[in-house]
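One-letter residues, chain by chain:
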Amino acid sequence: MLEILMPTMWTCFTVYAAWYFTSAKHYAPLTLNEARLLWRIHKNNTRCTSRKWNEIRHSGSIIGFKCECGYKHVQKRPVVS
């Protein structure tokens, strides 16, 4: 019984660790120009008629923007690349 249980437990642990490290993400800072450019791309692709956008900040740096139309973009990247 132990010969079956231990490899199964290690396999489950390995699969869970791989899933966690590939799905866990943290915020990536953007410059003001990058956020403005992403907002303009959003406007062109969706034909958005909004004229204002707001910065989304985390720990003092810009991580995304929110458009008047309700669209929200937050820049995230995986913890392990």
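Preceding this paragraph is the structure being described.
Quick look at the structure, then. (Residues numbered from 1 in each chain as written. Predicted model: local features only at pLDDT ≥ 70, side-chain atom pairs only at ≥ 80, totals over all residues. Heavy atoms only, no water.)

1. A look at the pattern of salt bridges
For clarity, the threshold we go by: Just to be clear on terms, a salt bridge is a Lys or Arg side-chain nitrogen sitting within 4 Å of an Asp or Glu carboxyl oxygen. Only protein chains enter the accessibility calculation, which uses a 1.4 Å probe; a residue whose area is less than 20% of its type maximum is buried, one above 50% is exposed, and one in between is partly exposed.
The tally for this structure, following the rule as stated, stands at one salt bridge. Between glutamate 55 and arginine 57 there is a salt bridge, with its nearest N and O atoms 3.0 Å apart. Overall, glutamate 55 belongs to the partly exposed group, its relative accessible area being 35%. With a relative accessible area of 48%, arginine 57 lands in the partly exposed category.

2. Comments concerning the packing of aromatic side chains
Operational definition: The pairing test for Phe, Tyr and Trp rings, Trp by its six-membered ring, is centres within 6.5 Å, and the orientation test on the planes gives stacked under 30 degrees, edge-to-face over 60, and tilted for anything in between. In DSSP terms, a helix is any run of H or I states spanning at least four residues, a strand is any run of E spanning at least two, and both are numbered starting from the N terminus.
Summed over the entire model, instances satisfying the criterion amount to six aromatic pairs. Taken together, a centroid distance of 5.9 Å and an interplanar angle of 85° make the contact between tryptophan 10 and phenylalanine 13 edge-to-face. Here tryptophan 10 pairs with phenylalanine 13, and both are found in helix α1 (residues 2-23), just three residues apart, close to one helical turn. Ring centres of tyrosine 16 and tryptophan 19 lie 5.8 Å apart, and the angle between their planes is 35°; on these two criteria the pair is classed as tilted. Pair noted here: tyrosine 16 and tryptophan 19 are both in helix α1, with a separation of three residues, about one helical turn. Tryptophan 19 gets classed as exposed once you look at its relative accessible area, which sits at 52%.

3. Here's the deal with the sheet that holds strand β2 (residues 53-58)
Each strand in a sheet pairs with another by means of backbone hydrogen bonds, the pair being arranged parallel or else antiparallel. For clarity, the cut-off: If DSSP finds at least two bridges between two strands, the strands pair. Here, axes are lines fitted to C-alpha atoms. For helices the fit covers the stretch in contact, and angles between N-to-C directions go from 0 to 180 degrees. Contacts between residues were defined by any pair of non-hydrogen atoms, one from each residue, lying within 4.5 Å.
One open sheet holds the three strands; their spatial order is β2-β3-β4, and the pairing between them is antiparallel. Two strands bound the open sheet, and with one partner strand each, they are β2 and β4 (72-74). Averaged over all pairs of adjacent strands, the angle between their axes in this sheet comes to 25°, without regard to strand direction. Lying over the sheet, helix α2 (residues 32-46) contacts β2, β3 (61-67) and β4, oriented at roughly 20° with respect to β3.

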